[in-house]
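Residue strings, one per chain:
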Amino acid sequence: MIQPLSGIQNTVAALDAERTRLDVISENIANANTTHGVDGKPYQRKVVVFESSLQQAMGAGGNGSMTPQLHVARIDTDKRAPLEIYAPGNPDADARGMVATPNINIHEEMADLIAASRAFEANLAVVKNEKSMAMQTLSIGKH
Amino acid sequence: MSPLSAIPQTVYNFGSMPGTDAVRPSAMPTPGIDGTTPLGQPGQINPSQPASDSFGSVLGKLVSDVNQKQTAANAAVDGLQSGSGVPLHQAVIAMEEANVSFQLMVEVRNKLLDSYQELMRMQI
């Protein structure tokens, strides 16, 4: 099977991973005010953990035949405690009138969003560059 | 004297482009620079090759590979449009791969036609 764009397998995997990260961030932002999740507790912030199999495989093997790929190892929850605010009118408020709101800081999420978006963009630039290199290579010998 | 004698070294450098083995930072040997160890002779045709490796079958394999790429791209786009979970970038990248493969096939065909016409123009 010919592989005209041979170098982009890793890039495609990274695009997948960044896409997942963006999905998780959007879920966090969407649930920033969810005080009553599926389990009855406030929503917990989720974080994507990327598997470092890329560096491990490169360090161990290092030959071009095996293509180490980045992928999402797991989606974990942020262990920080929920933020308690005083809102006695809220149906989810406890006896003291405190409501546990998600441990989400919207500014942090926006910064993460920008980082993930830029990483996605960088991988897209790699794809674009690879294609441009292939097309330029195909035009060897043309005048 | 080969008119394109410098090409093998250039092709060798192509082989170390990113994505293949550029992660190896070791010094790149430059075989062929003293003319003693050329990296393989282009255009060396062995007439006793088995028929399965014939030129026609190689070309046929190229065409079927390109066809396969096009089919894969179609499947990816179909999957995207039917909402079966194919991400946008995978569909687009499959299309680009099909596009580049097709361009490669067209270039090979152009070269073949050029050489055929060159032979036909030869004065006997």
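Please read these numbers as outputs of a predicted model, since none were measured by experiment.

## Regarding the environment of Leu113(A)
Residues and elements named next belong to chain A. Residue position: Leu-113 is located in helix H3 (residues 106-138). Here the alpha-carbon distance between Leu-113 and Ile-29, two residues 84 residues apart in the chain, equals 9.7 Å. Apart from the residues within four sequence positions on either side, Leu-113 is in contact with Leu-22 and Ile-25.

## What about the pattern of salt bridges?
Here the structure, examined in full by the defined rule, presents 17 salt bridges over all chains. The partner of Glu109(A) in a salt bridge is Arg45(A), and the shortest N-O contact between them spans 2.5 Å. Here the residue Glu109(A) occupies a position in helix H3, and Arg45(A) occupies one in the loop between helix H1 (9-30) and strand E1 (46-50), the gap between them amounting to 64 residues. Judged on exposure class, the residue Glu109(A) and its partner Arg45(A) are both buried. When the shortest N-O distance is used, the salt bridge between Lys69(B) and Glu97(B) registers 3.1 Å. Within this pair, whereas Lys69(B) is found in helix H2 (residues 55-81), its partner Glu97(B) is found in helix H3 (residues 88-120), the two being separated by 28 residues in sequence. The same class applies to Lys69(B) and to Glu97(B), which are both buried. Beyond isolated ion pairs, a larger network of salt bridges with shared partners links Arg45(A), Asp78(A), Arg80(A), Glu108(A), Glu109(A) and Asp112(A).

## Quick notes on the confidence of the model for chain A
Residue and element names in this part refer to chain A. Of all residues in chain A, 89% attain a pLDDT of 70 or more, and the chain-wide mean is 83. Mean pLDDT per element in chain A: helix H2 (residues 53-60) is the minimum at 50, and H3 is the maximum at 92. The low-confidence segment residues 55-65, where pLDDT is below 50, has 10 contacts with residues more than four positions distant or belonging to other chains.

## Topic: the interface of chain B and chain A
Opposite the 24 residues of chain B that make contact, chain A presents 26 residues. Of the roughly 2200 Å² buried at the junction of chain B and chain A (both faces included), carbon and sulfur atoms supply 68%. Together, His89(B), Ile93(B) and Val100(B) form the three largest contributors to the area buried by chain B at its contact with chain A, with a combined 25%. Across the pair Lys131(A) and Glu96(B) runs a salt bridge, and its minimum N-O distance is 3.0 Å. Here chain B and chain A share three residue pairs in polar contact (both at pLDDT 80 or more) between them. Secondary structure elements with two or more residues in the side of chain B that touches chain A: H2 and H3 of chain B. Of the residues contributing to the side of chain B that touches chain A, the split by class is nine nonpolar, eight polar and seven charged.

## As for the side chain of Glu130(A)
Relative to the elements of secondary structure, Glu130(A) occurs in helix H3. Every residue in contact with Glu130(A), bar those within four places of it in the chain, is listed here: Leu5(A), Ser6(A), Gly7(A) and Ile8(A).

## Examining the packing of H1(A) against H3(A)
Residues and elements named next belong to chain A. Interhelical geometry of H1 versus H3 gives an angle of 160° and a closest axis separation of 9 Å. Put simply, H1 runs roughly antiparallel to H3. As H1 packs across H3, the resulting crossing turns out to be left-handed. Across the contact of H1 with H3, the residue classes tally to 15 nonpolar, four polar and five charged.

## Considerations on the environment of Ala17(A)
All names here are of chain A. Along the polypeptide, Ala-17 turns up in helix H1. Judged by its relative accessible area of 2%, Ala-17 is buried. When the C-alpha atoms of Ala-17 and Ala-116 are compared, they prove to be 9.7 Å apart, with 99 residues separating the residues in sequence. If near-sequence neighbours (up to four positions away) are discounted, Ala-17 is found in contact with Phe-50, Leu-70 and Val-72.

About the criteria used
Residues numbered from 1 in each chain as written. Chains lettered and ligands numbered in written order. Predicted model: local features only at pLDDT ≥ 70, side-chain atom pairs only at ≥ 80, totals over all residues. Heavy atoms only, no water. Helix = DSSP H or I, 4+ residues; strand = E, 2+ residues; numbered from the N terminus. Contact = heavy atoms within 4.5 Å. Salt bridge = Lys/Arg side-chain N within 4 Å of Asp/Glu carboxyl O. Buried < 20%, exposed > 50% of the residue type's maximum accessible area, 1.4 Å probe, protein only. pLDDT = per-residue confidence, 0-100. Buried area = accessible area lost by both parts, 1.4 Å probe. Polar contact = N/O pair within 3.5 Å; in protein donor to acceptor, adjacent residues only side chain to side chain. Nonpolar A, V, L, I, M, F, W, Y, C, P; charged D, E, K, R; others polar. Axes fitted to C-alpha atoms, helices over the stretch in contact; angles between N-to-C directions. Parallel < 35°, antiparallel > 145°, perpendicular 65-115°, else oblique. Left-handed = near helix turned anticlockwise from the far one by under 90°.

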